[in-house]
Amino acid sequence: MIKSSIRRFRRALLAVGATAALSAGLLTATAGTSQAAAQGPCDIYLAGGTPCVAAHSTTRALYGAYNGPLYQVRRAVDNATRDIGLLSAGGYADAAAQDSFCAGTSCVITVLYDQSGKGNHLTQAPAGGAAGGPDNLANAFEAPVTVAGHKAYGVYVAPGTGYRNNNTNGIATGDQPEGMYAIFDGTHFNDGCCFDYGNAETNNLDTGNGHMEALYFGNNKAWGSGSGNGPWVMADLENGLFSGVNRGANANDPSVNNRFLTAMLKGGPNQWALRGGDARSGGLATFYNGARPNATGYNPMHKEGAIILGIGGDNSKWAQGTFYEGVMTQGYPSDATENAVQANITAAGYDSGSTGTGTLTPGSRISLRATTAPCCTSHYLRHDDADNKVVISGTDSSSSATDKADATWIVRAGLANSSCLSFESVNKSGQFLHHYNYELYLDTDNGAGAFALDATFCPTTGNSGVGTSFQSVNFPTKYLRHYHYTAYIASNGGTNSWDSGTSWAADTSWLVAQPWS
């Protein structure tokens, strides 16, 4: 039945040949909280004559009929694995299955399954010419979202994290045409090399100009840039991040920071294009559409057909970013097909996943008020704008919007123990409260295994009998404490000044309050 509807649509497309036909024929159902879209992005590409040959997502099905696994997780407590599938065919991830399987421990994402049927699954990247390996695997709880109201998790790539498949089926090689898109978190990036998704070398080495064709997202200026300070969507064609015809700046490639960002790249013989847009609303803008670079090696191209995520072709793995879904196609998609895919993406209903206020339920926004009297009962835990330290300071209705946001946190399932909690900054997406040398800081995950432990706290009854105390998961005698207006993890008595027993019980007890922002 699905095949016959696709054949009917292809006949309509050939007859009409316009974006309107794509929109009318494919977007007959919009995503809602109880029903998936009738068609997925890969159904649209197929109808446009450029079928998907790789389709990866941890959030939803990319075909209307797909009902297989999306990804696999492995838990730390016993190294057992579980495939995470869908709530229904063509629908959304069964995040509850992950939550149940990983309860009381941490989990990493071990496999991103290919929905195309080609078997182009992504697994842990091995060592390469630029860096050793194997690479780290993504923490399964670090990028929670909702899609059409359904809870899901993205792939949070901290520096050192990477996925790869060097033995693919159907991916473009040489100068063969292809297209691809990905949905990224436009607020999670850096200037490291290289947060990529797409076509790369099959031997984990830099084998020369034109041996890659992958989407890049970040603000690295070493090989290319766009307008403003970035970040930018660019093409990693090996030995160059391209925003236009040649290495260097392209004023038509704008800085973009949409919370959910659609990035698109396509390439064929002596032509390629770069497009992007907000994954929650609106259409696509074209950042570049024209000839291949005129430097040696890029025309014709020498694509090798491996697939990478989060790293460069030679395993350069110092970048960071978040991936939710992406595909690669056989053939050069038309703008009309891509526009229809973008309409499908915006209809999917991506959202940041905050679900409430004032409670310790993951997804809720909160502020944490100190309880120590008389000094601090109007003080709230916040990150400091002058540096990355965490402090307490007075906050009230007359405080600036920035100060209110600095004192607001999103409760997350504990990165190292899902039965405990982690706290993400509301105005610095992807940055978490964590301890280092017992002092509290706000930072992006650095990819080291210790970060998740340092960023996880278990709530207990307030040590003073008031409110809630937060016990460090890896130093269980130490609790989140303010001392001289600076935040630490501290025990009740010890060699450090902040371990002082004076007012320890009150200093480690917090009131969970409605969020300031």
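Summary of the structure given here. Here the structure is a predicted model, which means the values were calculated and not measured.

The rules we used
Residues numbered from 1 in each chain as written. Predicted model: local features only at pLDDT ≥ 70, side-chain atom pairs only at ≥ 80, totals over all residues. Heavy atoms only, no water. Helix = DSSP H or I, 4+ residues; strand = E, 2+ residues; numbered from the N terminus. Rg over C-alpha atoms; globule rule 2.2 N^0.38 Å. Contact = heavy atoms within 4.5 Å. Lys, Arg positive; Asp, Glu negative; His and termini not counted. Charge placed at Lys NZ, Arg CZ, Asp CG, Glu CD. Buried < 20%, exposed > 50% of the residue type's maximum accessible area, 1.4 Å probe, protein only. Polar contact = N/O pair within 3.5 Å; in protein donor to acceptor, adjacent residues only side chain to side chain. Pairing = 2+ DSSP bridges. 1 Å grid on protein atoms, 1.4 Å probe; cavity = no way out; pocket = protein on both sides within 12 Å on 5 of 7 lines; lining within 4 Å. Points joined across faces, edges and corners; volume = space filled by probe spheres on them. Nonpolar A, V, L, I, M, F, W, Y, C, P; charged D, E, K, R; others polar. Disulfide = S-S within 2.5 Å.

The next subject is the overall build of the chain. The secondary structure content of the chain amounts to 8 helices and 35 strands. Computed over its C-alpha atoms, the radius of gyration of the chain comes to 24 Å, within 12% of the 24 Å expected for a compact globule of 517 residues. Here the contacts in the chain between residues at least 6 apart in sequence split such that 67% fall between residues at least 24 apart. For the chain, the separation between the mean place of its 30 positive charges and that of its 39 negative charges on side chains is 7 Å.

On to the environment of Met264, then. Note on placement: Met264 falls in strand β17 (residues 261–268). On the basis of relative accessible area, Met264 is assigned to the buried category, the value being 1%. Along the backbone, Met264 and Ala285 are 21 residues apart, and their C-alpha atoms lie at a distance of 9.9 Å. Once you skip the residues sitting within four places of it in the chain, Met264 turns out to touch Tyr45, Met180, Tyr181, Leu215, Ala273, Leu274, Arg275, Leu284, Glu338, Val341 and Gln342.

The next thing to look at is unusual backbone geometry. As a rule of thumb, non-glycine residues mostly have phi less than zero, and peptide bonds are mostly trans rather than cis. Put simply, Gly230 and Pro231 share a cis peptide bond, and its omega is 5 degrees. Here Pro231 shows up in the loop between β13 (224–225) and β14 (232–236). Located in the positive-phi region is Asn239, a residue other than glycine, with phi close to 55 degrees. In this fold, Asn239 is placed in the loop between β14 and β15 (241–242). Residue classification places Asn239 among the partly exposed positions, given a relative accessible area of 27%.

Within the element layout of this structure, Asp507 appears in helix α8 (residues 504–507). Of the residues examined, Asp507 reaches a relative accessible area of 5% and is grouped as buried. Separated by 3.0 Å, the side chains of Asp507 and Arg481 make a polar contact. With residues up to four places along the chain from it excluded, the contact list for Asp507 reads Thr372, Leu480, Arg481, His482 and Thr502.

Turning our attention to the sheet that holds strand β7 (residues 150–153). Pairing is antiparallel across the open sheet formed by 3 strands, whose spatial order is β7-β6-β22. Either end of the sheet is taken by a strand with one partner, and the two such strands are β7 and β22 (350–351). Pairing between strand β6 (residues 144–147) and β22: 2 bridges, direction antiparallel. When the sheet's bridge partners are listed, Thr146 is paired in β22 with Asp351.

Attention now moves to the layout of surface pockets. One number sums up the size of the largest pocket: a volume of about 400 Å³. Sorting the residues of the lining of the largest pocket by element identifies β2 (71–75), β4 (107–112) and α7 (449–454) as the ones contributing at least two each. Looking at the lining of the largest pocket element by element, the count peaks at 4 residues for α7. Its residues placed into classes, the lining of the largest pocket shows 13 nonpolar, 7 polar and 4 charged. Taken as a whole, the second largest pocket encloses approximately 190 Å³ of empty space. Along the walls of the second largest pocket sit 16 residues, with Pro144, Lys151, Gly353, Pro362 and Gly363 positioned nearest its centre.

Tallied over the full model, the rule gives 5 disulfides. Residue Cys193 pairs covalently with Cys194 via a disulfide, S to S 2.0 Å. Across the S-S bond of Cys193 and Cys194 the torsion is about -85 degrees, and the bridge reads as left-handed. For the pair Cys193 and Cys194, one class covers both residues: buried. Each sulfur in the disulfide pair Cys420 and Cys458 lies 2.0 Å from the other. The disulfide joining Cys420 to Cys458 has a torsion of about 80 degrees about its S-S bond and is therefore right-handed. Separated by 38 residues along the polypeptide, Cys420 in the loop between β27 (409–413) and β28 (421–425) and Cys458 in strand β31 (residues 457–461) bring together distant segments of the chain. The exposure class of Cys420 is buried, given its relative accessible area of 6%. When the cysteines of the chain that form disulfides are numbered from the N-terminus onward, they connect as 1-2, 3-4, 5-6, 7-8, 9-10.

This brings us to the pairing of strand β26 (residues 390–394). The buried count for β26 comes to 4 of 5 residues, which makes it a mostly enclosed element. Note: strand β25 (residues 379–383) against β26, 5 bridges, orientation antiparallel. Following the sheet pairing, Leu381 is matched in β26 by Ile392. Between β25 and β26, which pair antiparallel and follow one another directly, the connecting turn spans 6 residues.

The next subject is the environment of Asp499. With respect to the element layout, Asp499 can be found in the loop between β34 (486–490) and α8. Residue class for Asp499 comes out buried when judged on its relative accessible area of 1%. Each C-alpha atom of the pair Asp499 and Tyr479 lies 9.9 Å from the other, and the pair is 20 residues apart in sequence. When near neighbours in sequence (up to four residues on either side) are disregarded, Asp499 contacts Lys478, Arg481, Ile489, Ala490, Ser491, Asn492, Gly493 and Gly494. Within polar-contact distance, the side chain of Asp499 engages the backbone nitrogen of Ser491 at 2.9 Å.

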